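# Examination of the molecular architecture
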Amino acid sequence: MEKSWYLFPLTLCTALLILTGVSRLSHRLSTSGPPDEMANAVLLFHGLMDNYKTMEIMAGKIERDFPGTYTHSIKLYPDRLSLISLPVQSENLIKYIEKLNLHGPITFIGHSQGALVGRHALQNWDNHNITKFISLAGPHMGVTKVPPIKGSIGLGGYENFLNDTIAEICYNAAGQEISLCNLWNDPTKQTMYKKNNKFLSSSLCQTQRKKCKGQSDNLLKIEKMVLIGGPQDGTVYPFESTLVNQYFKVFEESTFV
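A brief look at the structure comes next.

Helix and strand content of the protein: ten helices and five strands. Residues counted as buried form 50% of the 257 residues belonging to the protein. Within the protein, counting contacts between residues at least 6 apart in sequence, those at least 24 apart form 70% of the total. Accessible surface for the protein amounts to roughly 12,800 Å². Of this, 58% is attributable to carbon and sulfur atoms.

Have a look at this one:
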């Protein structure tokens, strides 16, 4: 999948949602002390098997196009460390952002797994000051099968066997220590999924319903939320897992009704 396909919609979203009336600051803000409360701050978090350097390309584009915007590519869980369980990543993401000491409104941009971790963190962070959230191909409702490998001959009749095997691996305590297993949402094994995948099922209010009211309140603090995805992604199956209408349909039915 091309890593640059989302730059155009990202620029549009950034312009429309967060940079209208941008403060005309000529200096770059420092993370060593409290930044100007009127400044725009944009945080970016990478996806699976990636690192902060990739998101710095995007951060640089935002700074060039919108002078005065402070950007920061989050330096957590690079490359193979991105396989660490998502509940741990979510908890440490909150601590990381708090240490940045950003007092003004924050826009969070997450790519793929980073978008899911960011959304989970917001739901469980009572005092966050993130007002805009942009998700680039974030698997918010999980994935149901292994994506095809480019140039491969395909799995053929072995696809179902492989997916069943992954479910058996992922839906146990050991498997849930790996981020990929935190994403696995097999529609044919929902009993196993809800029992063992505490991360995704609770974030969608499918389990642990007592937490849902607090999670929804934290999520409603976001003024603008854009989730970008489509069939051209080639990685998230089904691609509807990335889209706002599908995500909120599940969340609203579980939380607000």
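There is more to say, and it comes next.
Let us now look at the sheet that holds strand 5 (residues 224–228). Sheets are built from strands paired through backbone hydrogen bonds, the pairs being either parallel or antiparallel. On the basis of which strands lie adjacent, the open sheet formed by five strands has the order 2-1-3-4-5 and parallel pairing. The open sheet terminates on both sides in strands that have one partner only, identified here as strand 2 (70–73) and strand 5. Across the sheet, the mean angle separating the axes of adjacent strands is 15° when strand polarity is ignored. By the bridge criterion, five bridges tie strand 1 (residues 41–45) to strand 3 (residues 106–111) in an arrangement that is parallel. Bridge pairing links Val 42 to Thr 107 in strand 3. Helix 3 (residues 86–100) contacts strand 1, strand 2, strand 3 and strand 4 (130–136) of the sheet and is inclined by roughly 150° relative to strand 1.

Let us now look at the state of the cysteines. Applying the stated criterion across every chain, the model contains two disulfides. For Cys 170, the disulfide goes to Cys 181, at an S-S distance of 2.3 Å. Here Cys 170 and Cys 181 share a disulfide; its torsion about the S-S bond, -65°, makes the bridge left-handed. In this pair, Cys 170 is assigned in helix 5 (residues 159–170) and Cys 181 in helix 6 (residues 179–182), connecting sequence segments eleven residues apart. The residues Cys 170 and Cys 181 share a single accessibility class, namely buried. Residue Cys 205 pairs covalently with Cys 212 via a disulfide, S to S 2.4 Å.

Here the focus is helix 3. Think of an α-helix as turning once every 3.6 residues; residues three or four places apart then point the same way. With 15 residues, helix 3 should cover 21 Å at 1.5 Å per step; its first-to-last C-alpha distance of 21 Å lies within 8% of that length. Of all the residues in helix 3, the buried ones are Leu 86, Gln 89, Ser 90, Leu 93, Ile 94, Tyr 96, Ile 97 and Leu 100. The buried residues of helix 3 occupy an angular sector of 165° when the element is viewed end-on, so they sit on one face. Directly after helix 3, the chain includes Asn 101, whose backbone phi takes a positive value near 60°.

Quick look at the packing of aromatic side chains now. Scanning all chains against the criterion turns up two aromatic pairs. With a centroid separation of 5.7 Å and an interplanar angle of 5°, the aromatic rings of Phe 108 and Phe 133 are classed as stacked. Taken as a pair, Phe 108 in strand 3 and Phe 133 in strand 4 lie far apart in primary sequence, 25 residues in all. Comparing Phe 108 with Phe 133 shows no difference in burial state: the two are buried.

Criteria and thresholds
Residues numbered from 1 in each chain as written. Predicted model: local features only at pLDDT ≥ 70, side-chain atom pairs only at ≥ 80, totals over all residues. Heavy atoms only, no water. Helix = DSSP H or I, 4+ residues; strand = E, 2+ residues; numbered from the N terminus. Buried < 20%, exposed > 50% of the residue type's maximum accessible area, 1.4 Å probe, protein only. Contact = heavy atoms within 4.5 Å. Areas by Shrake-Rupley, 256 points an atom, 1.4 Å probe, with all protein chains shown as cover. Pairing = 2+ DSSP bridges. Axes fitted to C-alpha atoms, helices over the stretch in contact; angles between N-to-C directions. Disulfide = S-S within 2.5 Å. Expected span 1.5 Å × (residues − 1). Arc of directions from axis to C-beta. Phe/Tyr/Trp six-rings, centres within 6.5 Å; stacked < 30°, edge-to-face > 60°.

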